[in-house]
Amino acid sequence: MSVFDFWALFRPVFAPQDDSGGGSEGGDGGKSGDDGSGGNREAGGEGGGKGGDAGSGQKWWESSKLTEAQKTTLTAAGLTVDDPVEAIAKLADMEVNAQRKLGMKPDEILAKPKDGQNVAEWLRENGGMFGVPEEADKYELTRPDAFKDDDKAWNADLETQARALAHEHGVSQPALQAFTELYAGSISKIVADAEQELDSAKLEMNSALQDAWGAQFNRKMTLAKQGAQFAAEQAGLDNKALSGISQLMAKETGDANTVRLFSAIGEMLSEDQLTTLNTQGGTLTTTPEQARAELDTMKAPGGEYEQAVAKNDRATLDRLKPKMEQLSRLAAQ
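Residues numbered from 1 in each chain as written. Predicted model: local features only at pLDDT ≥ 70, side-chain atom pairs only at ≥ 80, totals over all residues. Heavy atoms only, no water.

What is the right way to look at the overall build of the chain in this model?
The number of helices and strands found in the chain is 14 helices and zero strands. Going from the N terminus to the C terminus, the chain shows its helices and strands as α-α-α-α-α-α-α-α-α-α-α-α-α-α. Split into buried and exposed, the 333 residues of the chain put 29% on the buried side. Pairs at least 24 apart in sequence give 62% of the contacts found in the chain among residues at least 6 apart. When the accessible surface of the chain is totalled, it reaches about 21,500 Å², and 52% of it is carbon and sulfur. (Helix = DSSP H or I, 4+ residues; strand = E, 2+ residues; numbered from the N terminus. Buried < 20%, exposed > 50% of the residue type's maximum accessible area, 1.4 Å probe, protein only. Contact = heavy atoms within 4.5 Å. Areas by Shrake-Rupley, 256 points an atom, 1.4 Å probe, with all protein chains shown as cover.)

I tried to follow the side chain of Ser172 on my own but got confused; where do I start?
Residue placement: Ser172 occurs in the loop between helix 6 (156-168) and helix 7 (173-213). By relative accessible area, which is 17% here, Ser172 ends up buried. Here the side chain of Ser172 touches Ala175 through a polar contact of 3.3 Å, landing on its backbone nitrogen. In contact with Ser172, other than residues within four places in its own chain, are Phe130, Gly131, Val132 and Tyr139. (Polar contact = N/O pair within 3.5 Å; in protein donor to acceptor, adjacent residues only side chain to side chain.)

Looking at this structure, I do not really get the environment of Ala224. What am I missing?
Along the chain, Ala224 falls in helix 8 (residues 217-234). Residue Ala224 is classed as buried on the basis of its relative accessible area of 0%. Along the primary structure Ala224 and Glu267 are separated by 43 residues, whereas in three dimensions their C-alpha atoms are 8.4 Å apart.

Please explain the nonpolar core as it appears in this structure.
Among soluble globular proteins, nonpolar side chains are generally buried collectively. Within the largest apolar cluster, 10 residues are counted, these being Met205, Leu209, Trp213, Phe217, Met221, Ala224, Ala228, Ala256, Val259 and Phe262. Mapped by element, the contributors of at least two residues to this core are helix 7, helix 8 and helix 10 (256-268). For this core, the element with the most residues is helix 8, which contributes four residues. Beyond its immediate stretch of four places on either side in the chain, Leu209 contacts Gly214, Phe217, Met221, Ala256, Val259 and Arg260. Counting eight residues, the second largest nonpolar core, distinct from the first, contains Trp61, Leu66, Leu74 and Val81. (Core = buried A, V, L, I, M, F, W, Y, C linked by side-chain atoms within 4.5 Å.)

Any link to function would need more than the numbers given here.
Next comes the structure, spelled out in structure tokens:
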């Protein structure tokens, strides 16, 4: 019971009392009315008994307006004094001291979870205090700098799952942001380490091959690319697979022994086979940009293909067809 509830309960009986026990403002309370039926209630007939029930001689704390639990509490707290105002003063002091010890008002105290209540549910119920939004999509996450402008690298589906999981477990806004930063940092490190390992592998491979081949390094690398292209075509690999091999060999990455193997295949090719590879339209070193440029040159006014079309030179058109098809496949990648 607060001071204010207590005051509201007994305000009607706080008027000064005379020797007969009735209130001075309701002096008719202990006298007979004109009809001999007793005091007028509306004029204050219940004011006697020092605040107890009218005419009962009860103390104010014995009033029927109080429950037994309230009477017990007042007695235990030492508030059963003759003057109700004195009791209110003591009650006010008790409440002030309690708030001072708590450091907050009673209505600001957070109740612990109920027996058997899920802690995550309790956190969500008190989300305003713990920073848990009402819905999963209300988390205000900031992308780490490494992914801020890269929608392709950022995993939007994983972000949605993380929001749902965080809300399910009552995770706060700052905590989810911290987890996001931690994950992004881990991914960035994995990518950086992979690139570093790739650079190291490239340097190691080139160093090993340069030591083995010396001045023949560039010629041997060209033969390796041609040998890889020939083996891929003999294996029936499609254009996508050829492109993958092309990118690998163009970056000069991979195992040195693998490159030696392809170089040996290139050495075994006849001049006719090498010529066929180089005139089919694009080798393993041809990029999509180079393929598009070569196609544009062939189709441009004065170009070989344009002239053959103008002259209806079927022999030249038949010879150029496979080359242009190969270049078109490379250009489309």
